[in-house]
Amino acid sequence: MPQGTDQSHAVGDSIVPQTLQEKLPQKVEEVVPNAIHDTGATGAESHATGDSAVPKVAQEAVPKKAEEVLPEKVHPTA
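Rules used throughout
- Residues numbered from 1 in each chain as written.
- Predicted model: local features only at pLDDT ≥ 70, side-chain atom pairs only at ≥ 80, totals over all residues.
- Heavy atoms only, no water.
- Helix = DSSP H or I, 4+ residues; strand = E, 2+ residues; numbered from the N terminus.
- Rg over C-alpha atoms; globule rule 2.2 N^0.38 Å.
- Buried < 20%, exposed > 50% of the residue type's maximum accessible area, 1.4 Å probe, protein only.
- Contact = heavy atoms within 4.5 Å.
- Areas by Shrake-Rupley, 256 points an atom, 1.4 Å probe, with all protein chains shown as cover.
- Lys, Arg positive; Asp, Glu negative; His and termini not counted.
- Charge placed at Lys NZ, Arg CZ, Asp CG, Glu CD.

A. Seen up close, the overall build of the protein. When its secondary structure is counted, the protein shows four helices and zero strands. Here the C-alpha atoms of the protein give a radius of gyration of 16 Å, more than 25% beyond the 12 Å that 2.2 N^0.38 yields for 78 residues. In terms of its C-alpha atoms, the protein occupies a principal-axis envelope of roughly 45 × 25 × 15 Å. A buried classification covers 19% of the 78 residues belonging to the protein. Relative to all contacts within the protein whose residues are 6 or more apart in sequence, the contacts with residues 24 or more apart total 28%. Surface summary for the protein: the accessible area is close to 5,500 Å², and the carbon and sulfur share equals 57%. Between the centroid of the 6 positive side chains of the protein and the centroid of its 12 negative side chains there is a distance of 8 Å.

Right, dumping it as structure tokens:
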């Protein structure tokens, strides 16, 4: 498991204890719903590993599993 960052990445309210926020890796903090621990993260990201024919906004809107089923020549994820 990745080391914590010794800081919280909350930008808003959080019900997670401060000491725990400081021990958790940033990626873990970002997957907690903003209603519980607000990092401002939307979870929107592309999983492309190279140039993609899919528009960036579409890449960020679909789940990783949906990106992975596209042919590599259209949207590389491997």
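B. Quick look at the side chain of Q21. For Q21, the position within the fold is in helix α1 (residues 18-23). Residue Q21 is classed as buried on the basis of its relative accessible area, which comes to 5%. With residues up to four places along the chain from it excluded, the contact list for Q21 reads Q7, S8, A10, S14, V16, E29 and H37.

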